[in-house]
Amino acid sequence: MRRASLDLAVRVPRLPTVSEWFNSVMRFLGIGALVAGGLVIALAALAAVLLLGPVVFWLAWNVLEFGPAIGLPELGFWSIVLATLFLVVGWFGKMLITAIVFLVDPSWFSGSALVHWPETTFRNFIAVALLALLASRPHVRPQHG
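Residues numbered from 1 in each chain as written. Predicted model: local features only at pLDDT ≥ 70, side-chain atom pairs only at ≥ 80, totals over all residues. Heavy atoms only, no water.

### Some words on the packing of helix α3 (residues 77-88) against helix α4 (residues 91-104)
To keep things clear, this is the line we draw: Between the N-to-C directions of two axes lies an angle of 0 to 180 degrees, each axis being a line fitted to C-alpha atoms and, for a helix, fitted only over the stretch in contact. Per the convention used, a helix needs a DSSP run of H or I reaching at least four residues, while a strand needs a run of E reaching at least two, with both numbered from the N terminus. Note on angle classes: values under 35 degrees are labelled roughly parallel, values over 145 roughly antiparallel, values of 65 to 115 roughly perpendicular, and the remainder oblique. By definition in these notes, contact holds between two residues if any of their heavy atoms fall within 4.5 Å. Here the nonpolar group is Ala, Val, Leu, Ile, Met, Phe, Trp, Tyr, Cys and Pro; Asp, Glu, Lys and Arg are the charged ones; every other residue, Gly included, is treated as polar.
The N-to-C vectors of α3 and α4 enclose an angle of 150 degrees; their axes lie 8 Å apart at closest approach. Regarding the angle of α3 to α4, the classification is roughly antiparallel. Two secondary-structure elements touch here, α3 through Leu82, Leu85, Phe86 and Leu87 and α4 through Lys94, Ile97, Thr98 and Val101. Of the residues belonging to the contact of α3 with α4, the class tally is six nonpolar, one polar and one charged.

Spelled out as structure tokens, the structure:
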């Protein structure tokens, strides 16, 4: 007994295609758009991180008034950017920032301030938590074993 096989594949006539050169260009632009989109997303994430750090530091130092709470003045824009970088970068970055500040304004190191412990308030706790969040970036260490 022979079974009749059903041929489910339906042949559809192909539409006339454009040139092979045009197809190649469109494929390349598709991959290019994918790469460009990924690059835009990566740059947007980097910009958000670079802008978010100083905003968090500004909130903790100037808005929540942690600086005046420990006896230090409020900070301006570039001071906030440098302080944020100082908290976020590693040892070499900290030394580089210190060297730049020393070269630009050596008298800054001879300044003095009367720094004291802040009062134990919820506002100061939040400010310290925000500054600790900036300073505790994940450190990449190689796994041994």
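### With respect to α3
Put simply, the rule is: Helices are assigned an expected span. That span is 1.5 Å times one less than the residue count. Think of it in three bands: residues with accessible area under 20% of the maximum for their type are buried, residues over 50% are exposed, and the middle band is partly exposed, with areas taken using a 1.4 Å probe on protein chains only. Here the arc refers to the directions that run from the helix axis out to each C-beta atom.
With twelve residues, α3 should reach 16 Å at 1.5 Å per residue; the first-to-last C-alpha distance of 17 Å fits that figure. Within the sequence span of α3, burial applies to Ile80, Val81 and Thr84. Axial view of α3: buried residues confined to an arc of 100 degrees, hence all on one face. Lining the buried residues of α3 we find α1 (20-63) and α5 (122-135).

### Here's the deal with the environment of valine 56
Tracing the sequence through the fold places valine 56 in helix α1. Distance in space between the C-alpha atoms of valine 56 and leucine 134 is 7.9 Å, their sequence separation being 78 residues. Leaving out residues up to four positions away in the same chain, valine 56 has contacts with Leu130 and Leu134.

### Regarding the packing of aromatic side chains
Our working rule: What counts as a ring pair is set by centres within 6.5 Å for rings of Phe, Tyr and Trp (its six-membered ring), and what kind of pair is set by the plane angle: stacked under 30 degrees, edge-to-face over 60, tilted for all other angles. Lysine NZ or arginine CZ positioned within 6 Å of the ring centre and within 35 degrees of the ring normal marks a charge as sitting over the ring.
Scanning all chains against the criterion turns up four aromatic pairs. Residues tryptophan 61 and phenylalanine 66 carry aromatic rings whose centres are separated by 6.0 Å and whose planes lie at 70 degrees to one another, so their mutual orientation is edge-to-face. Counting every residue linked through ring pairs, the aromatic cluster contains Phe57, Trp61 and Phe66. Of note, lysine 94 hangs over the ring of phenylalanine 86, and the distance from its end group to the ring centre comes to 5.3 Å.

### Things to note about the nonpolar core
Operational definition: The set of buried Ala, Val, Leu, Ile, Met, Phe, Trp, Tyr and Cys residues whose side-chain atoms join them within 4.5 Å is what this entry labels a nonpolar core.
Val56, Phe57, Ala60, Trp61, Leu64, Phe66, Ile70, Ile80, Ala127, Leu131 and Leu134 together form the largest nonpolar core, which totals eleven residues. Taken together, the elements giving at least two residues each to this core come down to α1 and α5. For this core, the leading source of residues is α1, giving four residues. Apart from residues lying up to four places away in sequence, isoleucine 70 is in contact with Trp61, Leu114, Val115, His116 and Pro118.

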